Amino acid sequence: MTKRDPFYAPRIDEEIWAFIDRTDSFYPPDTVDADIATQRAVYDEMCAAFRQKRPSGLSVRDESIPGGDGEMPIRRYQPHATAEPAVTVIYCHGGGFVVGGLESHDDVCAEIAAATGFSVVSVDYRLCPEHRHPAAYNDVLAAYEAVSKEGNPIILCGDSAGGNLAAAVCLAIRHRTNAPAGQVLIYPGLGGEIMGLPSYREEAHAPLLTTRDVMFYKNVRVEGEVPGNDPTYAPLSARDFTGAAPCVIVTADCDPLRDDGATYVKRLRDAGVEAEWINEPGLVHGYLRARTSSERAKHSFARICDAIARLGAAAGR
C-alpha cells in the first residue's frame, strides 16, 4: 500500500488511492532509473492489467501509413452505427515519449469511438531514445497528413506526452486550409518544466508522476541541449497562438503538469482562440486507467468524451 503523504491524503479519495496502490504494485522502486526495455515491459504489463474489453458495435482494424521509418502502424476504430462518421479523432497515446503504443490505449480509443460515434485513429509513433525529437512529432504530423486526405474534420487528442504531440501539430498547421477542427488534451506536458511553472514545485512528489520523472522524460527526448524555443518540442514556447484550433484541456490537480494546461489555455484565449480548462480535483496523472474503478475518473472521462463530441459537432455544422 502506498504511504499516504499528508499533503495528498486529504485531497485524494479512497478509490484513487486504491488505483495508485494497484499501479505502484507493478513498479519496482526507482523504475525511472531502469533501462528502457525494463520500463517498457513494466508499463505494458501494467496497462494490460487495467485494459477493459472494447465496447460492442465497433469495427477495429490495423493499418499502416507512410511514416518516418517507412510504414507506420495505426489502428482505426469505426462505430457500426455510423456508416460514415462525419468526424475523425486522431489519438496520440501517453507514455513520456518512451513507452506505450497501440495496445496501451486500445480500450480508451475504443470507448471514445463508442461514446462519440466518431472514427478514431490511434498513432503508433516512434519512441525515444531510439528515435529522438522530432521523430514522434513528425510521425503524428504524417498521420495527420494521411488521415486529412479522407476529407473529414479532425479532432486531435492525446494524453500526457500524446497531448504534447497533438498540441504541437495543431500549432504547426493552424493556418492551413485543412487545419484541425479542435484539440482535446488530457493532462498534457507542454513544456512547463522549462518555464518553471509553480505546479512543478507544488506537486513535485505527486503520486504516479513526480517532477523528477518529468525531468527524465524531458532529457531522454533529445541528445544534447533541450531546445529552448521549439514549439514542436514544447508548445508553450510558441510566440504566436493565433488561429489555433478550439481547445479543451483536462488536467489532474495532483500532477506536476497541472499548470501546463492552465497556462496553455490562457495563451490561447489571449490570442482569441476558444479554449477551456477543466482541472479535476483529487485526480492524479494517468487517471484514465481508473475510469472504471473511480467515480471521479469516470465522470472526468465522460467530460473528455463530451468535449470531443462538442468540438466535432461544431466542426460538422
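Scroll up to find the structure.
The structure presented is a predicted model; accordingly, all values stated were derived computationally and were not measured.

Under the definition given, this model contains 28 salt bridges. Residue Glu203 is joined to Arg258 by a salt bridge in which the shortest nitrogen-to-oxygen separation is 2.9 Å. Taken together, the residues Glu203 in the loop between helix H7 (199-202) and helix H8 (211-220) and Arg258 in helix H9 (residues 258-270) connect sequence positions 55 residues apart. For Glu203, a relative accessible area of 2% translates into the label buried. A relative accessible area of 9% means that Arg258 is categorised as buried. Between Asp270 and Lys266 there is a salt bridge, with the nearest N and O atoms lying 2.8 Å from each other. Taken together, the residues span about one helical turn, with Asp270 and Lys266 both in helix H9 at a distance of 4 residues. Using a relative accessible area of 56% as the deciding quantity, one classes Asp270 as exposed.

This brings us to the nonpolar core. Grouped together as the largest cluster of nonpolar side chains are 98 residues, with contacts concentrated most on Tyr91, Tyr125 and Tyr264. Counting residues per element, this core draws most heavily on helix H5 (residues 161-172), at 8 residues. Setting aside its immediate chain neighbours within four residues, Tyr264 contacts Ala167, Leu171, Gln183, Leu185, Leu190, Pro235, Leu236, Phe241 and Ile249.

Within this structure, the stated rule accounts for 5 aromatic pairs. In this structure, Arg22 packs its charged tip against the face of Phe50, placed 4.4 Å from the ring centre. Across the ring face of Phe301, the terminal group of Arg291 is positioned such that the distance to the ring centre comes to 5.5 Å.

The subject of this paragraph is the state of the cysteines. Within the structure shown, the criterion is met by 0 disulfides. Free of any disulfide, Cys109 has its nearest neighbouring cysteine sulfur in Cys157, separated by 8.1 Å.

Moving on to the environment of Ser119. Mapping Ser119 onto the fold places it in strand E4 (residues 119-123). The sequence separation of Ser119 and Ile90 amounts to 29 residues, and the corresponding C-alpha distance is 8.6 Å. In this structure, Ser119 is in contact with Arg76, Tyr77, Gln78, Pro79, Pro85, Val87, Thr88 and Val89, ignoring residues within four places of it in sequence.

Axis separation between helix H1 (residues 14-24) and helix H2 (residues 36-50) bottoms out at 10 Å; the angle between their running directions is 135°. The orientation of H1 relative to H2 falls into the category oblique. From H1, Phe19, Arg22 and Thr23 reach across to H2, where they touch Met46, Ala49 and Phe50. Looking at the contact of H1 with H2 residue by residue, the class counts come to 4 nonpolar, 1 polar and 1 charged.

Once that is clear, we can look at the packing of helix H4 (residues 135-148) against H5. Two quantities define a packed helix pair, namely the angle between the helix axes and the distance between the axes. Relative orientation of the contacting elements H4 and H5 amounts to 60°, with a least axis distance of 9 Å. You can see that H4 and H5 cross each other, and the crossing is right-handed. Residues Ala136, Tyr137, Val140, Leu141 and Tyr144 of H4 touch H5, and the partners they reach there are Leu165, Ala168, Val169 and Ala172.

Moving on, we come to the pairing of strand E2 (residues 70-79). Counted residue by residue, E2 has 7 buried out of 10 residues, so it is predominantly covered. Sheet topology note: the strand E1 (residues 58-67)/E2 ladder contains 10 bridges and is antiparallel. Bridge pairing in E2 links Ser59 to Gln78. Hairpin geometry of E1 and E2 is characterised by an intervening segment of 2 residues between the two adjacent antiparallel strands. As paired strands, E2 and E4 are joined by 4 bridges and run antiparallel to one another. Bridging from a neighbouring strand, Arg76 pairs with Val121 of E4.

Along H1, the positions that sit buried rather than exposed are Ile16, Trp17, Phe19, Ile20, Asp21 and Thr23. Those residues of H1 hidden inside the fold are in contact with H2 and strand E8 (275-284).

A few words now on the sheet that holds strand E6 (residues 182-186). In spatial order, the strands read E1-E2-E4-E3-E5-E6-E7-E8; together these 8 strands make up an open sheet with mixed pairing. Strands with a single pairing partner mark the edges of an open sheet, and in this sheet they are E1 and E8. For this sheet the average axis-to-axis angle between neighbouring strands, irrespective of direction, equals 20°. The sheet contacts of H5 involve strand E3 (88-92), strand E5 (154-159) and E6, and relative to E5 the element is tilted by about 150°.

On to the layout of surface pockets. Any empty space left between the atoms is revealed when a probe the size of a water molecule rolls over them. If you add up the space inside the second largest pocket, you get close to 160 Å³. For the second largest pocket, the full set of lining residues is Ala181, Pro246, Cys247, Val248, Glu274, Ala275, Glu276, Arg310, Leu311, Ala314 and Ala315. The biggest single contributor to the lining of the second largest pocket is helix H10 (residues 295-316), with 4 residues. Within the lining of the second largest pocket, the residues separate by chemical class into 8 nonpolar, no polar and 3 charged.

What counts and how
- Residue numbers here run from 1 along each chain, matching the order of that chain's written sequence.
- This being a predicted model, a pLDDT of at least 70 is required before a residue's local features are given, and a value of 80 or more before pairs of side-chain atoms are given or counted; all residues contribute to the totals for chains, interfaces and linings.
- As a rule here, side-chain values cover all heavy atoms of the structure and leave hydrogens and water aside.
- For salt bridges, the criterion is a side-chain nitrogen of Lys or Arg within 4 Å of an Asp or Glu carboxyl oxygen.
- Think of it this way: any DSSP run of H or I at least four residues long counts as a helix, any run of E at least two long counts as a strand, and we number them from the N terminus.
- Each residue is assigned to one of three classes by its accessible area relative to the maximum for its type, calculated with a 1.4 Å probe on protein chains only: buried under 20%, partly exposed between the two thresholds, exposed over 50%.
- In this text, buried Ala, Val, Leu, Ile, Met, Phe, Trp, Tyr and Cys residues form a nonpolar core when linked through side-chain atoms within 4.5 Å.
- Whether two residues are in contact is decided by their heavy atoms: any pair within 4.5 Å suffices.
- Whether two aromatic rings pair depends on their centres lying within 6.5 Å, for rings of Phe, Tyr and Trp, where Trp uses its six-membered ring; planes under 30 degrees apart make the pair stacked, over 60 edge-to-face, and the rest tilted.
- Lysine NZ or arginine CZ positioned within 6 Å of the ring centre and within 35 degrees of the ring normal marks a charge as sitting over the ring.
- Disulfides are defined as pairs of cysteine sulfur atoms found within 2.5 Å of each other.
- Here the axes come from fitting lines to C-alpha atoms, over the contacting stretch only for helices, and the angles between their N-to-C directions go from 0 to 180 degrees.
- For classification, angles of less than 35 degrees are called roughly parallel, those exceeding 145 degrees roughly antiparallel, those between 65 and 115 degrees roughly perpendicular, and all remaining angles oblique.
- Residue polarity follows a fixed list, in which Ala, Val, Leu, Ile, Met, Phe, Trp, Tyr, Cys and Pro are nonpolar, Asp, Glu, Lys and Arg are charged, and the others, Gly among them, are polar.
- In this scheme, a crossing is called left-handed if the near helix is turned counterclockwise away from the far one by less than a right angle; it is called right-handed if the turn is clockwise.
- Only strands joined by at least two bridges in the DSSP assignment are considered to pair.
- A cavity here means a set of points on a 1 Å grid, drawn over the protein atoms and nothing else, where a 1.4 Å probe fits but cannot get out; a pocket is an open set with protein on both sides within 12 Å along at least five of seven lines, and a residue lines either one if it has an atom within 4 Å of a point.
- Grid points are joined across faces, edges and corners, and a volume is the space filled by probe spheres set on the points.

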